[in-house]
Amino acid sequence: MNLSSIRIITAEIERLIKFYEHITGLSVVRYTPDFVELRTSTTTLAIGSTKTLQFFGGNDIAQPEQNRSIIIEFKVDDVDQDYERLSAYLQGSIVQKPTIMPWGNKSLLFRDPDGNLVNFFTPVTLEAAGRTERN
C-alpha cells in the first residue's frame, strides 16, 4: 500500500490554487473547475472545492477551514532560502521561522489561506536525511 495523495476541501479553490502554486513553484493539473492536483515526485496534493462533496455523500462529509490536526509537509532543498523567498508573501501567516527540530529537520511552519498548517523542511542531520532519503 502507498499513500497516493492528500486532499484539501476548500470553499475558495482559486485562492488555494494560487497559494500552492506560488509557494511550490509548481503548476496544478486541472481536471475540472472544482478539482486540481499539485504533483510532486513523491505524492500529490489534491484540492477540491466544496462542490465535489456531492460525490462523497453530501456537504457534511468534510468542512473547509476546519482542520487543526494535519500538517502538510514539503521537503525542500534549502528551507532558509525558501524562507527568504516567501517571507514577504507569507507575512502574517508564519507560525515558526526556520528552526532546527529535535528530530533533525530545519522547519518553516506557516498557514495556508484556509488555515491548514504547512511545513517546509530540510533535513540537517545524517539521521534525518536517512529517514527522508526515499522522498
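Quick caveat: nothing in here was measured; it's all calculated off a predicted structure. (Residues numbered from 1 in each chain as written. Predicted model: local features only at pLDDT ≥ 70, side-chain atom pairs only at ≥ 80, totals over all residues. Heavy atoms only, no water.)

A. Just helix H2 (residues 79-86), in detail. When H2 is considered as a whole, its buried residues turn out to be Val79, Asp82, Tyr83 and Leu86. One face of H2 carries all of its buried residues, which in axial projection span an arc of 105°. Opposite its buried face, H2 presents the exposed residues Gln81 and Glu84, each directed more than 90 degrees away. Buried-residue contacts for H2 involve helix H1 (13-24), strand E6 (94-100), strand E7 (105-111) and strand E8 (117-123). Sitting at the amino-terminal end of H2 is aspartate 78, which places a side-chain oxygen 3.0 Å from the backbone nitrogen of aspartate 80. (Buried < 20%, exposed > 50% of the residue type's maximum accessible area, 1.4 Å probe, protein only. Helix = DSSP H or I, 4+ residues; strand = E, 2+ residues; numbered from the N terminus. Arc of directions from axis to C-beta. Contact = heavy atoms within 4.5 Å. Polar contact = N/O pair within 3.5 Å; in protein donor to acceptor, adjacent residues only side chain to side chain.)

B. How the structure looks around a nonpolar patch on the surface. On the surface, Phe55, Phe56 and Ile61 cluster together into a nonpolar patch covering about 370 Å² of accessible area. Structurally, isoleucine 61 can be placed in the loop between strand E4 (44-49) and strand E5 (71-75). (Patch = residues over 30% accessible without salt bridge, like charges linked within 9 Å, V, L, I, M, F, W, Y side chains within 5 Å. Areas by Shrake-Rupley, 256 points an atom, 1.4 Å probe, with all protein chains shown as cover. Salt bridge = Lys/Arg side-chain N within 4 Å of Asp/Glu carboxyl O.)

C. Representation of the sheet that holds E6. With mixed pairing, four strands are arranged side by side in an open sheet as E5-E8-E7-E6. Each having just a single partner strand, E5 and E6 make up the two edges of the open sheet. Between one strand axis and the next, the sheet turns through 15° on average, direction left out of account. Where E6 lies against E7, four bridges are found, and the strand directions are antiparallel. By the bridge assignment, isoleucine 94 is partnered in E7 with phenylalanine 110. Contacts between H2 and the sheet are confined to E6, E7 and E8, with E8 contributing the most and set at about 140° to the helix. (Pairing = 2+ DSSP bridges. Axes fitted to C-alpha atoms, helices over the stretch in contact; angles between N-to-C directions.)

D. How the structure looks around the sheet that holds strand E3 (residues 35-39). Strand order in the open sheet formed by four strands is E1-E4-E3-E2, with mixed pairing between adjacent strands. On the outer flanks of this sheet lie strand E1 (5-10) and strand E2 (29-32), each paired with one strand and no other. Between one strand and the next, the sheet's axes are offset by a mean angle of 20°, whatever the strand orientation. Across three bridges, the pairing between E2 and E3 is antiparallel. Bridging across to E3, arginine 30 finds its partner in valine 36. The sheet contacts of H1 involve E1, E2, E3 and E4, and relative to E4 the element is tilted by about 160°.

E. Broad picture of the packing of aromatic side chains. Enumeration according to the criterion identifies seven aromatic pairs in this entry. Pairing tyrosine 31 with phenylalanine 35 gives two aromatic rings, centres 6.0 Å apart and planes at 35°, and the pair type is tilted. Their ring planes at 80° and their centres at 5.3 Å tell us that phenylalanine 110 and phenylalanine 120 sit as a pair that is edge-to-face. Of this pair, phenylalanine 110 sits in strand E7 while phenylalanine 120 sits in strand E8, and the two are ten residues apart along the sequence. One exposure class covers both phenylalanine 110 and phenylalanine 120, and it is buried. What links up through ring pairs into an aromatic cluster is the set Phe19, Tyr20, Phe74, Tyr89, Phe110 and Phe120. (Phe/Tyr/Trp six-rings, centres within 6.5 Å; stacked < 30°, edge-to-face > 60°.)

Geometry only, nothing functional implied.
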